[in-house]
Every structure is written in C-alpha cells, then in structure tokens.
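# Report on the structure
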Amino acid sequence: MLTRLPISSLKPHELALDRHVKELAQAIAARRAVLRPLVVEARSLVVLDGSHRLRALRLIGASLAPVALVNYDSVTLKGWVRVYGLDALRDLINVTEVVRLRHTDRGSVIAWIGGSDEAYYDLLRLEGMGHELVKVATRAYAVREPSLLVIPPRPTKDLVLKAAYTGRLLPPRSTRHLTEAKFITMRTPLTSLKVELS
C-alpha cells in the first residue's frame, strides 16, 4: 500500500552516511520531489529500505514521507559484503572475531567475521576508528580493486526489528531487503510532504 506517513512515526534500523544524506537532500530539493517511496514494514513502521531518504527528508524539513507498506513475511533479507581499505585489516582483527581470512588473486583480503549480531556493532567501532566504508557489494569477487572485503554474519529480521525498537542502530548499509516495493517509482512533490519551498 502506498501512502504518506509522519516522519516522526518511522523507525530506522540503520545509520546513514552523512555525505550521502546531504547529496540526496540537495537532489530532492533541486527536483522538488521524492522519486521513490521508503519501504516500511506495515505493523512496526520500521524502515526497511530508505534510511538515507528518511534522513534527507528530515534535513530539508519534511514532516511526511512517501512510503510503501509491506508485510515483513513477504520480504527476503540478505546482507552485503562491506568494502574497506586494506589498512583496516589490523584494526578489524582487534575489534571483532575474524573466523577466516582469504587472500585473492586481485590483492584483496576477504574476512569472514563471527560474533552473530554483535559483529555489526564491532563494524561500527571499526568505522569509528577512521576506516570508512568505501562501498558494499553483493559478492566479494565483484570487487576489482585491492580491498578488505568483510563478510559479516547474515542479518536476521529479529536483529533489524531489535535495532529499530531499541535505537541501537546498525551500521549504514548493513541489510539488503529484497521486495518488489523497492522498484516502485512515485514522484511525490515536496509540497505534499509539508515542506515550505522558497
């Protein structure tokens, strides 16, 4: 179901990358519209896809957000391969349980980490040490440049809901929710989101 909901009622489960939020806010303000609704779990109002859009809308002063409400049972949840600079390897080993390391022909190091849910918060500590998330990928071998490729445990829906309810948010781009609702395009003018345009 497509609708608009108060931003204050929506619960993110992931943090957002500040630079991306600012760029997105500028793009939304320039086009005076949001092109894709946030994907939100219907019962809990947890934002499954759109953490950056949510923060961008807050930044530009919106009080409503366009949302596609979905039943979480119909959504598939996967994780990402997290890509960092190779210099992060030593600190990664110090902040979390690395269960396996593998060197690739392309000069990358793949690190599988354990520790269940806490592994995601260990990655927040790593990023807090100055190791910026470069990007995410669906597969480690899709990354061509020499990098540290971190594969955390597969996220669970319970982890997502717990992060949203407790406010102990996961690192940016921790989860990948697969649902048809992600492909909906719906131009929503900012004026309908109660943004005063100048």
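Everything discussed here concerns the structure shown above.
Computed from a prediction, not measured in an experiment: that's the story for all the values here.

### Some details on the nonpolar core
Leu-10, Leu-38, Val-40, Leu-57, Ala-65, Val-67 and Leu-193 are the most contacted members of the largest nonpolar core, which has 23 residues in total. Where this core is concerned, the elements lending two or more residues are helix H1 (18–31), strand S4 (38–41), helix H2 (51–59) and strand S6 (64–70). When sequence neighbours within four positions are dropped, the list of residues in contact with Val-67 reads Met-1, Leu-2, Thr-3, Leu-5, Leu-10, Pro-37, Leu-38 and Val-40. Counting 15 residues, the second largest nonpolar core, distinct from the first, contains Ala-88, Leu-89, Ile-113 and Leu-123.

### Regarding the environment of Ser-44
By the element assignment, Ser-44 lies in the loop between S4 and strand S5 (46–49). Assessed through its relative accessible area of 7%, Ser-44 is described here as buried. Along the chain, Ser-44 and Lys-135 lie 91 residues apart, while their C-alpha atoms are 29 Å from each other. If sequence neighbours within four positions are ignored, Ser-44 has contacts with Lys-11, Leu-161 and Tyr-165. Of note is the side chain of Ser-44, whose polar atom sits 3.3 Å from the backbone nitrogen of Val-46.

### Regarding the pattern of salt bridges
Within the structure shown, the criterion is met by 10 salt bridges. In this structure, Arg-125 and Asp-122 form a salt bridge, with 3.1 Å as the shortest nitrogen-oxygen distance. Here the residue Arg-125 and the residue Asp-122 both occupy positions in helix H4 (residues 118–128), the gap between them amounting to 3 residues, near one helical turn. Across the pair Lys-135 and Glu-145 runs a salt bridge, and its minimum N-O distance is 2.9 Å.

### Observations concerning the pairing of S4
Of the two faces of S4, the one holding Leu-38 and Val-40 and the one holding Val-39 and Glu-41 are both buried throughout. As paired strands, S4 and S6 are joined by 4 bridges and run parallel to one another. Counted as the bridge partner of Leu-38 is Val-67 from S6. Here S4 runs beside S5; their pairing, made up of 2 bridges, is antiparallel. Considered in S5, the bridge of Val-39 is made with Asp-49.

Definitions and cut-offs
- Residues numbered from 1 in each chain as written.
- Predicted model: local features only at pLDDT ≥ 70, side-chain atom pairs only at ≥ 80, totals over all residues.
- Heavy atoms only, no water.
- Core = buried A, V, L, I, M, F, W, Y, C linked by side-chain atoms within 4.5 Å.
- Buried < 20%, exposed > 50% of the residue type's maximum accessible area, 1.4 Å probe, protein only.
- Helix = DSSP H or I, 4+ residues; strand = E, 2+ residues; numbered from the N terminus.
- Contact = heavy atoms within 4.5 Å.
- Polar contact = N/O pair within 3.5 Å; in protein donor to acceptor, adjacent residues only side chain to side chain.
- Salt bridge = Lys/Arg side-chain N within 4 Å of Asp/Glu carboxyl O.
- Pairing = 2+ DSSP bridges.

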